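Residues per chain, in single letters:
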Amino acid sequence: MRVIILAICTILANKAYAVEECDLLGSLEADPFSTSEPVKFQDIQSTKLVNACTEVIQEQNDNVARYYLLRARGHLRGGSYEQAISDISLSHDMGYPAATFALATLYHFGDAMPQDLEQAASLYKEAYNNGVTWAARGLAILYEDFSFDNYNPELAKEWVKKFEGL
């Protein structure tokens, strides 16, 4: 009986933590729910990542919000900014914390969309409160920025400490 219970638990655990090709090709270091080793942005194979994530999104499983975020990384790497913003927004709207962080980053740096530092700060805080420790790093950078209306180097130091786990 004990062997049967162990076998069932093993099967359920493997299903819950299944790693898709989408994860392997685009995993984000800042994502606390990542299931595989992170992939550096410059190493992303955009077409492969977009195709792998599109395939798994069509399966409509429990991890679809993560797959939208990872597909967005492929779109960003390939220069398809509108598609990337759409996927990040979908993932964020589904409540995926790492997508909230990604959206904050887009607003912060303004490369793919108009810069909005207040919106970035709000989204970073939301992401941090939902377990994305990398959001503390984003807030530290933001509070060190002279162009941010709420520039505050002391607050930046506090966010650095939170990021470093001090």
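Residues numbered from 1 in each chain as written. Predicted model: local features only at pLDDT ≥ 70, side-chain atom pairs only at ≥ 80, totals over all residues. Heavy atoms only, no water.

Caption draft 1: View of helix α5 (residues 81–93). Taking 1.5 Å of rise per residue, the 13 residues of α5 would be expected to cover 18 Å, and the 18 Å separating its terminal C-alpha atoms lies within 8% of that figure. All of the buried residues in α5 are A84, I85, D87, I88, S91 and H92. Angular distribution of buried residues about the axis of α5 spans 165°; they occupy a single face of the element. Exposed positions of α5 whose direction lies more than 90 degrees from the buried face are E82 and D93. Elements that come into contact with the buried residues of α5 comprise α4 (64–78), α6 (97–109) and α7 (117–129). (Helix = DSSP H or I, 4+ residues; strand = E, 2+ residues; numbered from the N terminus. Expected span 1.5 Å × (residues − 1). Buried < 20%, exposed > 50% of the residue type's maximum accessible area, 1.4 Å probe, protein only. Arc of directions from axis to C-beta. Contact = heavy atoms within 4.5 Å.)

Caption draft 2: Structural context of the nonpolar core. Counting residues in hydrophobic clusters, the biggest one holds 35 residues, and the most contacted among them are L69, I88, F101, L106, Y124, L139 and L142. Those elements that provide at least two residues to this core are α4, α5, α6, α7, α8 (134–143) and α9 (153–164). Looking at this core, the element that brings in the most residues is α6, giving seven residues. With residues up to four places along the chain from it excluded, the contact list for I88 reads L69, A72, L76, A99, A102, L103 and L106. (Core = buried A, V, L, I, M, F, W, Y, C linked by side-chain atoms within 4.5 Å.)

Caption draft 3: Seen up close, the confidence of the model for the chain. A residue-level look at the chain finds 89% of positions with pLDDT of 70 or above and a mean pLDDT of 90. Element-level mean pLDDT values for the chain span from 37 in helix α1 (residues 2–16) up to 98 in α7. Under a pLDDT of 50 for its full length, residues 1–17 has, in the predicted model, zero contacts with residues more than four places off or in other chains. (pLDDT = per-residue confidence, 0-100.)

Caption draft 4: The arrangement of the packing of aromatic side chains in detail. The tally for this structure, following the rule as stated, stands at six aromatic pairs. Seen from their ring centres, F33 and Y96 are 6.1 Å apart, and the 50° between their planes marks the pair as tilted. On the criterion of sequence distance, the pair formed by F33 in the loop between α2 (21–26) and α3 (46–58) and Y96 in the loop between α5 and α6 is long-range, its members being 63 residues apart. You can call F33 partly exposed: its relative accessible area is 45%. Here Y96 falls in the buried class, since its relative accessible area comes to 9%. On the basis of an interplanar angle of 45° and a centroid distance of 5.9 Å, the ring pair of F101 and Y124 is categorised as tilted. Here F101 is found in helix α6, whereas its partner Y124 is found in helix α7, with 23 residues between them in sequence. Residue F101 is classed as buried on the basis of its relative accessible area of 11%. (Phe/Tyr/Trp six-rings, centres within 6.5 Å; stacked < 30°, edge-to-face > 60°.)

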